[in-house]
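# Working through the structure, step by step
Listed below, chain by chain, are the residues.
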Amino acid sequence: MRTAVIPYRFDKDTPAGTIAERFGALEPGQGSGQVVSVAGRIMLNRPQGKLAFATLRDETGEVQLFSLEASTEDFEALTKLHLGDWVGATGEVVRTRRGELSVQVATWVLLAEARRGFGDKWKGVSDPEIRYRQREVDLWANESTRTRLDIRAKVLRSMRERLWALGFTEVETPLLHPIPGGAAAKPFTTHHNALDTELFLRVAPELYLKRLVIGGMEKVFEIGRSFRNEGISPRHNPEFTTIELYQAYIDYTDLMVLFEELVAGICLDVLGTTVLSYQERELDLTPPWRRASMWELIEEATGTSVSMATPIEQLRELLVAAGAKVDDSWGPGRLIAELFEETAEAAQWAPVFVVPYPKEISPLSRVHRDDAELVERFEPIIAGRELGNGFSELIDPDDQRARFEEQAQAHASGDDEAMLVDEEYLRAMEQGLPPTGGFGLGVDRLVMLLADTANIREIIAFPTLRPEVLLRSVEVETTEATEA
RNA sequence: GCGCCUCUAGCUCAACGGCAGAGCAACGGACUCUUAAUCCGCAGGUUUCGGGUUCGAAUCCCGAGGGGCGCACCA
């Protein structure tokens, strides 16, 4: 290995991927007279006696390095580079006799050594253990990994640009909450030493965002992480990204339009079409999406007609017949919602807004203007999965207090996902929340659709895994010796 | 949390009750137009770990650990 000191900077002036476009007209065996500096990783190395070929890859693409013992500095060392080593190289752009556009290296410098390599040079790395735990390896070994992360970045960018264009203000609210609120979920718990107080990682930003609306921010959104202390699955990561959006003076019908337009618009920005292929099946996101009630969809799926007026015993029987558990405390609303999830939800492929929702399972939604048992809430279902949740916000502080108290009672009797009474939020509501519509959207789920992945880990750079146990005793001894 | 599947060289994989192997990477060498270059040579392993059955275990059984999938829960 070369003993030269690794430089602190390198004047890279040409992305590898731009060379083909700029110098495509060169004939085989011809030089361009143009000297460029490229930098990246050695992906393949083909020394051939007194000349050598190597494939250099950077973020933009690949280019061949062509070296000659007679004219390339430190030729011997160049031919001994390892796959994965970072190098910077400077030389004329030429096309070799065999027709490959190349940088004919005059000078070069090692920028980093790859001591570990990147797996099989042809097959790469496929072991999920390595792919998820050592994403840096996966990113280099598998091009599609980079593509998926790029799609995620484009989704976030498009989302922001579209909302900015609509006049929304992006805000940030606390991740550390004194009371977990805004969603039915088990929180992570932590502790602040100086305040000597228990804090929770947020399960949803909802309540803080509505307080900003109370404070006069009429159109706000937040894109960020929430945390739920629940199971991990191909569709669930303990930390996940959502966008929540609130706009004063609009209701749930306006929200559905906003939602479908936003999702379809993002899809158009990222993929150039609103008709995509997901898991080898066509999925058309072109608005408007269907609006349908739970009972309508249940009837379609099962042939059985149900409604909020169906006798509770019958609903219980149907749910048991569908193979689900039934809790005695559940009213008709919860039973119908469970029945829907059990029998009809997974079958919804094309986008559909399930609307309205039972009041019983919606502690933050405003009562439906036409039916006291319902709320003005919807959930968009795409490819069998909930993509989000939205509603006309509950604005009456007295009603909100009553709903919180119901939740707190459920919590006290063992439902550890039920909410608690949030006095801070109730006080804020008493300042006056105008009629407001708000929705949340699972960003990871949306990215999964656009990136065509069935597993959420594929579109999260570093998904949550059980911590790795590395044997470090030798390093610890070294450290102690140094300190002593 | 429960169920099913899986774990062999750095990577990708064979061997499936009878001497643990190949390709790539690595290491040494040859080669003046290669494209997963080619050729010669060399090295690489507590078969995830711990028990058990057996004359003999990577292989069969039990347990532990990591991972994947399904269920549950949700976005």
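Residues numbered from 1 in each chain as written. Chains lettered and ligands numbered in written order. Predicted model: local features only at pLDDT ≥ 70, side-chain atom pairs only at ≥ 80, totals over all residues. Heavy atoms only, no water.

## A few points about the environment of E27
Checked against the element boundaries, E27 lands in the loop between helix 1 (19-23) and strand 1 (31-48). The exposure class of E27 is partly exposed, given its relative accessible area of 49%. It is 8.6 Å that separates the C-alpha atoms of E27 and T96, two residues lying 69 residues apart in sequence. (Helix = DSSP H or I, 4+ residues; strand = E, 2+ residues; numbered from the N terminus. Buried < 20%, exposed > 50% of the residue type's maximum accessible area, 1.4 Å probe, protein only.)

## Details of empty space enclosed by the protein
Taken as a whole and judged by the stated rule, the model has two cavities of 30 Å³ or more. The volume enclosed by the largest cavity comes to roughly 50 Å³. Lining the largest cavity, in full, are I382, A383, R385, E386, L387, R445 and L449. Elements supplying a minimum of two residues to the lining of the largest cavity: strand 20 (385-386) and helix 13 (443-451). Classifying every residue of the lining of the largest cavity gives four nonpolar, no polar and three charged. Approximately 30 Å³ is the volume attributed to the second largest cavity. Every residue lining the second largest cavity is listed: K359, E360, S362, P363, R403, E406 and Q407. (1 Å grid on protein atoms, 1.4 Å probe; cavity = no way out; pocket = protein on both sides within 12 Å on 5 of 7 lines; lining within 4 Å. Points joined across faces, edges and corners; volume = space filled by probe spheres on them. Nonpolar A, V, L, I, M, F, W, Y, C, P; charged D, E, K, R; others polar.)

## Focus: the domain arrangement of chain A
Per the domain assignment, the segments making up chain A are domain 1 (16-112) and domain 2 (143-289 + 350-459). Each of domain 1 and domain 2 was reduced to a C-alpha centroid, and the two centroids are 50 Å apart. (Domains from an automatic or database assignment.)

## Here's the deal with the packing of aromatic side chains
Here the structure, examined in full by the defined rule, presents ten aromatic pairs. With 5.2 Å between their ring centres and 85° between their planes, F353 and F378 make a pair best called edge-to-face. Here the residue F353 occupies a position in strand 15 (residues 352-354), and F378 occupies one in strand 19 (residues 377-382), the gap between them amounting to 25 residues. On the accessibility criterion, F378 (0% relative accessible area) is buried. Taken together, F259, W289, F353, F378 and F439 form an aromatic cluster joined through their ring pairs. Sitting above the plane of the Y357 ring, R377 keeps its charged end 4.4 Å from the centroid. (Phe/Tyr/Trp six-rings, centres within 6.5 Å; stacked < 30°, edge-to-face > 60°. Lys NZ or Arg CZ within 6 Å of the ring centre and 35° of its normal.)

## Concerning helix 5 (residues 143-165)
Here helix 5 is 23 residues long and its end C-alpha atoms lie 33 Å apart, about the 33 Å a rise of 1.5 Å per residue gives. Every buried residue of helix 5 is listed here: T145, R148, L149, I151, R152, V155, L156, S158, M159 and L163. Against helix 3 (128-133), helix 4 (135-141), strand 10 (219-227), strand 11 (239-248), helix 7 (252-271) and helix 13 lie the buried residues of helix 5. (Expected span 1.5 Å × (residues − 1). Contact = heavy atoms within 4.5 Å.)

## Quick word on helix 10 (residues 332-343)
Think of an α-helix as turning once every 3.6 residues; residues three or four places apart then point the same way. Taking 1.5 Å as the rise per residue, helix 10 with twelve residues should run 16 Å; its terminal C-alpha atoms sit 16 Å apart, in good agreement. All buried positions along helix 10 are accounted for by G333, L335, I336, A337, E338, L339 and F340. Structurally, helix 10 contributes buried residues whose contacts are with helix 8 (294-302), helix 9 (312-321), strand 15 and strand 16 (357-358).

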